Amino acid sequence: MNTLLAFYHQLLACYGPQGWWPLLDPPGESPSQSGSRGVYHPGNYDLPATPGQRFEICLGAILTQNTAWRSVEKALINLQQMKALRPEGLEAIDESLLKEAIRPSGYFNQKAKKIRTFARFFLALEERTPSREELLALWGIGPETADSMLLYAFKVPTFVVDAYTRRVLIAAGWIGGTESYDAIKSMFENQLPRDLALFQEYHALLVEHAKNLRGSRQE
DNA sequence: AACCAGGACGTGA
DNA sequence: TCACGTCATGGT
């Protein structure tokens, strides 16, 4: 039997579809209605539906590096209000305004440079799907950010590994903890059917489960 | 009041 | 290659 696939079904039965990646204003809801908060879309694996939503997910992937999502939402909303949640707007915005907008998400000096670098790259793409190597070559985009963009923004079935993933696997006794990013990524990709919805949902479920593990311990 | 949050880069060994 | 310091704000 397949341990990782069986575990996925357990998690799904326990928590249900998570609806990643959250968007500020998905189709069907006005921005004011979303109450300035990311909207999840459980069971819908067709998003993003527009280049704008795709770009929003990519920026979120950068801004959430070692940062709580709640802080990222503030930054995304600020950018949206400054009309800089588009690559053209980002290219035009003043440096100090940009940093002020993303300040709540932390590391604002580095992240300002990162999202500017990415905005230029995104424009040059012209709707094409980038390769993992192209993304990794950009300053500020490491393995997890690249995989998050590919999986949730560009709909490429590649598995995302993060701190939560490691925590769950360690708690289950399936890894020691010193394994490399790519080693853990390969574990999943070698044992699971390469399916977009499965990969998207699995990572989201691992995050939810890891948060529950932490919550049961203390806090 | 330390500690962590949906990491990545620069450096030295 | 790899361990370690740095980056920064916000919530618990």
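Please read all numbers here as calculations on a predicted model, not as lab measurements.

1. A closer look at the overall build of chain A
Scanning chain A from N- to C-terminus turns up 11 helices and 0 strands. From first element to last, N terminus to C terminus, chain A shows the α and β order α-α-α-α-α-α-α-α-α-α-α. Against the compact-globule benchmark of 17 Å for 219 residues, chain A has a radius of gyration of 17 Å, which places it among compact chains. Oriented by its inertia axes, the alpha-carbon framework of chain A measures out at about 55 × 35 × 35 Å.

2. Some thoughts on the protein's contact with DNA strand C
Taken together, the neighbourhood of DNA strand C is formed by 12 residues, with K74, R103, Y107, N109 and Q110 sitting nearest. Backbone atoms, meaning sugar plus phosphate, form 65% of the atoms of DNA strand C positioned within 4 Å of the protein. One nitrogen or oxygen atom from the side chain of K74 is found 2.8 Å from a phosphate oxygen belonging to DNA strand C. One nitrogen or oxygen atom from the main chain of Q110 is found 3.1 Å from a phosphate oxygen belonging to DNA strand C. Every element with two or more residues in the surface near DNA strand C is listed here: α3 (69-81) and α6 (108-125). The residue makeup of the surface near DNA strand C, split by class, is 3 nonpolar, 5 polar and 4 charged.

3. Focus: the pattern of salt bridges
If charged atoms from side chains of opposite charge come close, those side chains can pair. Inspection of every chain in the model, using the stated rule, returns 9 salt bridges. Across the pair K185 and D147 runs a salt bridge, and its minimum N-O distance is 3.2 Å. In this pair, K185 sits in helix α10 (residues 181-191) while D147 sits in helix α8 (residues 143-153), placing the two residues 38 residues apart along the sequence. D147 shares its class with K185; the two are buried. One salt bridge connects K185 with E189, and the closest N-O pair in it is separated by 3.1 Å.

4. Some thoughts on the packing of helix α2 (residues 51-63) against α6
Helix packing for two helices is described by the angle between their axes and how far apart those axes are. The interhelical angle for the contact between α2 and α6, taken along N-to-C directions, is 150°, at an axis separation of 10 Å. In terms of axis orientation, α2 runs roughly antiparallel to α6. Like other packed secondary-structure pairs, α2 and α6 cross with a definite hand, here right-handed. Contacts between α2 and α6 pair P51, R54, F55, C58, L59, I62 and L63 from the former with K111, K114, I115, F118, A119 and F122 from the latter.

5. Side note on the packing of helix α9 (residues 163-172) against α10
Where α9 contacts α10, the axes come no closer than 12 Å and their chain directions differ by 70°. By the angle class used here, α9 and α10 are roughly perpendicular. Relative to α10, the crossing made by α9 is left-handed. Contacts from T165, R166 and L169 in α9 reach Y181, I184, M187 and F188 in α10. Residues of the contact of α9 with α10, tallied by class, amount to 5 nonpolar, 1 polar and 1 charged.

6. Points about the nonpolar core
Ranked by internal contacts, the top residues of the largest apolar core, which has 65 residues, are L79, L90, F118, L135, M149, F188 and Y202. Top element by residues in this core is helix α11 (residues 196-217). It accounts for 9 residues. Mapping this core onto the domain boundaries places at least three of its residues in each of domain 1 (1-19 + 158-219) and domain 2 (46-154).

7. Observations concerning the domain arrangement of chain A
The domain boundaries assigned to chain A delineate domain 1 (1-19 + 158-219) and domain 2 (46-154). Computed from C-alpha coordinates alone, the two centres of domain 1 and domain 2 are separated by 25 Å. Taken together, the 13 residues of domain 1 in the interface contact 8 residues of domain 2. Interface of domain 1 and domain 2: buried area, both sides summed, is about 840 Å²; carbon and sulfur atoms make up 59% of it. When the buried area of domain 1 at its contact with domain 2 is split by residue, T158, V160 and Q200 rank highest and sum to 52% of it. Inspection of the domain 1/domain 2 interface yields 2 salt bridges. Ionic pairing is found between D182 and R132, a salt bridge with its closest N-O pair at 3.6 Å.

Cut-offs and rules
Residues numbered from 1 in each chain as written. Chains lettered and ligands numbered in written order. Predicted model: local features only at pLDDT ≥ 70, side-chain atom pairs only at ≥ 80, totals over all residues. Heavy atoms only, no water. Helix = DSSP H or I, 4+ residues; strand = E, 2+ residues; numbered from the N terminus. Rg over C-alpha atoms; globule rule 2.2 N^0.38 Å. Near = heavy atom within 4 Å. Polar contact = N/O pair within 3.5 Å; in protein donor to acceptor, adjacent residues only side chain to side chain. Nonpolar A, V, L, I, M, F, W, Y, C, P; charged D, E, K, R; others polar. Salt bridge = Lys/Arg side-chain N within 4 Å of Asp/Glu carboxyl O. Buried < 20%, exposed > 50% of the residue type's maximum accessible area, 1.4 Å probe, protein only. Axes fitted to C-alpha atoms, helices over the stretch in contact; angles between N-to-C directions. Parallel < 35°, antiparallel > 145°, perpendicular 65-115°, else oblique. Left-handed = near helix turned anticlockwise from the far one by under 90°. Contact = heavy atoms within 4.5 Å. Core = buried A, V, L, I, M, F, W, Y, C linked by side-chain atoms within 4.5 Å. Domains from an automatic or database assignment. Buried area = accessible area lost by both parts, 1.4 Å probe.

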